[in-house]
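If you want the building blocks of each chain, they are given just below.
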Amino acid sequence: MFKIHGVTPEQLDRRGFLRATTIGVCAISPLLASCAGLRYARSSRDGAEIRIDRRDVVAPGVLVDGPDGELPIYLRVLALDEFSALSMRCMHRGCQVESVGERFVCPCHGSEFAADGRVIIGPSELPLIEYRVTADDTRIVIHFDAPVARERRS
Ligand code: FES
């Protein structure tokens, strides 16, 4: 029976499976750039907001559970009080992209995205979805009902 960290995929929900497989890949291949510093921050949801304790967010960024079983969101630290939040769902066919250095690469068909989510190489013609982020002294909030609009391709 195939198990991840002692648990079968059937015993995990989608979110748990994605988290377990991400951690598992990084345990096997710790030298992958996408695994360096990759970790999840605890978050809670309130309506259309995902709230993260600021103490859990470290540079260059952290993964946060996406809403409603969606793929994770990458919360990147841009400056002391500046953050960006990108969905890790490739806009071609929905695979989870991987963070590789300053870019995101889709393992399914090879699309590549810049750090701001714009398409560098297709087949995806749409950028990664970026969400508005606000922050105060204790909390960072991702407003997942408020995607940032921009052009389709860089
Ligand atoms: Fe990402 Fe096809 S799903 S390139």
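None of the values given here were measured: they were computed from a predicted structure.

Some details on the sheet that holds strand 5 (residues 82–87)
Judged by pairing direction, the sheet is antiparallel, and its seven strands sit side by side in the order 1-2-11-10-5-4-3 without closing on themselves. Each having just a single partner strand, strand 1 (43–46) and strand 3 (61–64) make up the two edges of the open sheet. Recorded for the sheet is a direction-independent mean angle of 25° between the axes of neighbouring strands. Note: strand 3 against strand 4 (residues 73–79), four bridges, orientation antiparallel.

A word on the pattern of salt bridges
Inspection of the entire model under this criterion finds nine salt bridges. For Asp81, the salt bridge identified is with Arg54, shortest N-O distance 2.6 Å. Of the two residues, Asp81 sits in the loop between strand 4 and strand 5 while Arg54 sits in the loop between strand 2 (49–53) and strand 3, which places them 27 residues apart along the sequence. Between Glu112 and Arg103 there is a salt bridge, and its shortest N-O distance comes to 2.4 Å. For Glu112, a relative accessible area of 16% translates into the label buried. Look at the salt bridges and you will find they share partners, linking Asp46, Glu49 and Arg51 into a network.

Things to note about unusual backbone geometry
Following Ala59, the chain continues to Pro60 via a peptide bond in cis, the omega torsion being 5°. With respect to the helices and strands, Pro60 occurs in the loop between strand 2 and strand 3. Across the junction of Gly122 and Pro123, the peptide omega takes the value 25°, indicating a cis bond. Assignment of secondary structure puts Pro123 in the loop between strand 9 (119–121) and strand 10 (130–135). Of note in the backbone geometry, Asp68 takes a positive phi value of approximately 55° without being a glycine. Summarising the element assignment, Asp68 is placed in the loop between strand 3 and strand 4. A relative accessible area of 64% places Asp68 in the exposed class.

Basis of the calculations
Residues numbered from 1 in each chain as written. Predicted model: local features only at pLDDT ≥ 70, side-chain atom pairs only at ≥ 80, totals over all residues. Heavy atoms only, no water. Pairing = 2+ DSSP bridges. Helix = DSSP H or I, 4+ residues; strand = E, 2+ residues; numbered from the N terminus. Axes fitted to C-alpha atoms, helices over the stretch in contact; angles between N-to-C directions. Salt bridge = Lys/Arg side-chain N within 4 Å of Asp/Glu carboxyl O. Buried < 20%, exposed > 50% of the residue type's maximum accessible area, 1.4 Å probe, protein only.

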